[in-house]
Amino acid sequence: MRRTHMCGRYALFSDIGQIKSHFPIDQIALAEATPNYNVAPTQEVLAVIQQKGLNILDKLHWGLVPFWTKDINIGSKMINARHETIASKPSFREAFKKRRCLIPADGFYEWYGAKGEKQPVFITLPGGKPFAFAGLWEAWQDKAEPGTFYRSCTIITREAVGALRKIHDRMPVILAPEVYAAWVETGKGGTESVLEILSSGAVTEFAYYPVSKQVNAVRNNGPGNIEPVEVTLGI
């Protein structure tokens, strides 16, 4: 059986200026962003969220913690949300209605091949510009410390399209720039119209190439992770 867990690792190395120029951002809530060539679950990641009508670039923990849960550790199991069930699954439906976000990235990793011989592949857009995963976010309040919030997010996934089907059966939803504003806008649009953004507003053309297996270890975090290697993928 093939894995359905996706996406589990990505890279964001564009600086704040580049991110601001590519996304609908009104306010930046951080001073700087450190390039991360091996973004992993539970780490803090950059995201564009909407609050009080403003699109804000801020940091969230990757792995969504529903506002109603008692166990914050559930986030490590909630790094992805399936497109097919986000409107109905209790863990995601409120965030889907009220707290959608853009998660900037320069590319993501997937592993291809037989178990024990898997080859990491770096997947990005033709042209190499930063793009946005469609995401959801939440603010979980610590009952032991009133007023203390743990803000987290998840990346929405869908069935793989085009050439990516050869690598994995699922992929993250990557949104086209023209739907960024509509996706993060809260309080407008019904369920069907928002789901339509994920379908008609998704990017379907990608570039990919094999990279070093050093990316397998989260501690390896540098430009070498995205350098091409001479490996035949066989696809």
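These numbers come from a predicted model, not from an experiment.

**Quick look at the state of the cysteines**
Here a disulfide denotes a covalent bond joining the sulfur atom of one cysteine to the sulfur atom of another. Counted according to the given criterion, the structure contains 0 disulfides. Considering cysteine sulfurs only, Cys153 is the nearest to Cys101, which forms no disulfide, with 5.4 Å between them.

**Details of the sheet that holds strand E8 (residues 107-112)**
Strand pairs in the sheet, formed through backbone hydrogen bonds, run parallel or antiparallel to each other. In spatial order, the strands read E3-E1-E8-E9-E14; together these 5 strands make up an open sheet with antiparallel pairing. The two strands at the open ends of the sheet, each matched to only one other strand, are strand E3 (36-39) and strand E14 (207-210). Going across the sheet, the axis of each strand differs from the next one's by a mean of 25 degrees, ignoring polarity.

**Things to note about the environment of Pro210**
As for its position among the elements, Pro210 is in strand E14. The buried category is assigned to Pro210, whose relative accessible area is 9%. Between the C-alpha atoms of Pro210 and Gly127, which are 83 residues apart in sequence, the distance is 17 Å. With sequence-adjacent residues up to four places away left out, Pro210 is seen in contact with Gln119, Pro120, Val121, Glu227, Pro228, Val229, Val231 and Leu233.

**Some points on unusual backbone geometry**
For residues that are not glycine, phi is negative in most cases, and the peptide bond is trans in most cases. The backbone phi angle of Thr42 is positive, close to 80 degrees, even though this residue is not glycine. Its place among the elements puts Thr42 in the loop between E3 and strand E4 (44-51). For Thr42, a relative accessible area of 44% translates into the label partly exposed. A positive phi angle, near 50 degrees, is found at Lys52, a position not held by glycine. Position of Lys52 among the secondary structure elements: in the loop between E4 and strand E5 (54-62). In this structure Lys52 comes out as exposed when scored by relative accessible area, which is 88%.

Parameters and conventions
Residues numbered from 1 in each chain as written. Predicted model: local features only at pLDDT ≥ 70, side-chain atom pairs only at ≥ 80, totals over all residues. Heavy atoms only, no water. Disulfide = S-S within 2.5 Å. Pairing = 2+ DSSP bridges. Helix = DSSP H or I, 4+ residues; strand = E, 2+ residues; numbered from the N terminus. Axes fitted to C-alpha atoms, helices over the stretch in contact; angles between N-to-C directions. Buried < 20%, exposed > 50% of the residue type's maximum accessible area, 1.4 Å probe, protein only. Contact = heavy atoms within 4.5 Å.

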